[in-house]
Amino acid sequence: MILADDERAIIGSINLSEGSFDKRRELAIEVTDEAIVDRLRRISREDWKHSKPLDLSDEGLATDLERHHVGDYAVVPQRRSVKKDERPETPR
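Values in this document were obtained by computation on a predicted structure and should not be read as measured data.

The rules behind each value
Residues numbered from 1 in each chain as written. Predicted model: local features only at pLDDT ≥ 70, side-chain atom pairs only at ≥ 80, totals over all residues. Heavy atoms only, no water. Pairing = 2+ DSSP bridges. Helix = DSSP H or I, 4+ residues; strand = E, 2+ residues; numbered from the N terminus. Salt bridge = Lys/Arg side-chain N within 4 Å of Asp/Glu carboxyl O. Buried < 20%, exposed > 50% of the residue type's maximum accessible area, 1.4 Å probe, protein only.

**A look at the pairing of strand 2 (residues 9-12)**
Summarising the sheet, strand 1 (residues 2-3) and strand 2 pair through two bridges and their orientation is antiparallel. Looking at the pairing, Leu3 lines up with Ala9 of strand 2. Linking two consecutive strands that pair antiparallel, namely strand 1 and strand 2, is a turn of five residues. Looking at chain direction, strand 2 and strand 3 (residues 28-31) are connected through four bridges and run antiparallel. Its bridge partner lying in strand 3, Ile10 is registered against Glu30.

**Quick look at the pattern of salt bridges**
According to the stated counting rule, one finds seven salt bridges in the structure shown. A salt bridge links Arg42 to Asp38; its shortest N-O distance comes to 3.1 Å. You can see Arg42 and its partner Asp38 sitting in helix 2 (residues 34-49), four residues apart, about one turn around the helix. The exposure class assigned to Asp38 is partly exposed, which follows from its relative accessible area of 28%. Lys49 is the partner of Glu46 in a salt bridge, and the nearest nitrogen-oxygen pair spans 3.6 Å. Taken together, the positions of Glu46 and Lys49, both in helix 2 and three residues apart, correspond to about one turn of that helix. Here the salt bridges do not stand alone but share partners, grouping Asp6, Asp38, Arg41 and Arg42 into one network.

Here it is in C-alpha cells:
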C-alpha cells in the first residue's frame, strides 16, 4: 500500500521494481474515495504504533523464524531450509 498524499492510495501486490511493472503482471489499484483513504491512513498509523524494529541480518531473520515457528520449516546453520522432521539431532 502506498499513501502518497491525503487524496489517494495505491493498493496491490507490486514491488517498486522494474520487473513488477513490466514482466510479472502484478496488480495495483488506485483509490481516491476520501473515506477509504482516511481509513487506510488511520489503520496504517495504528499499525506503525505497534511495530518494532526487525533485525534483517541472516542471524536475526533465522532467530525470528525460529521464534515464530514459521510453517513446517526451520533454518539450520548451513543457511538452507529443511522440514522440521528432517532437522539434524541437537546434542543434549
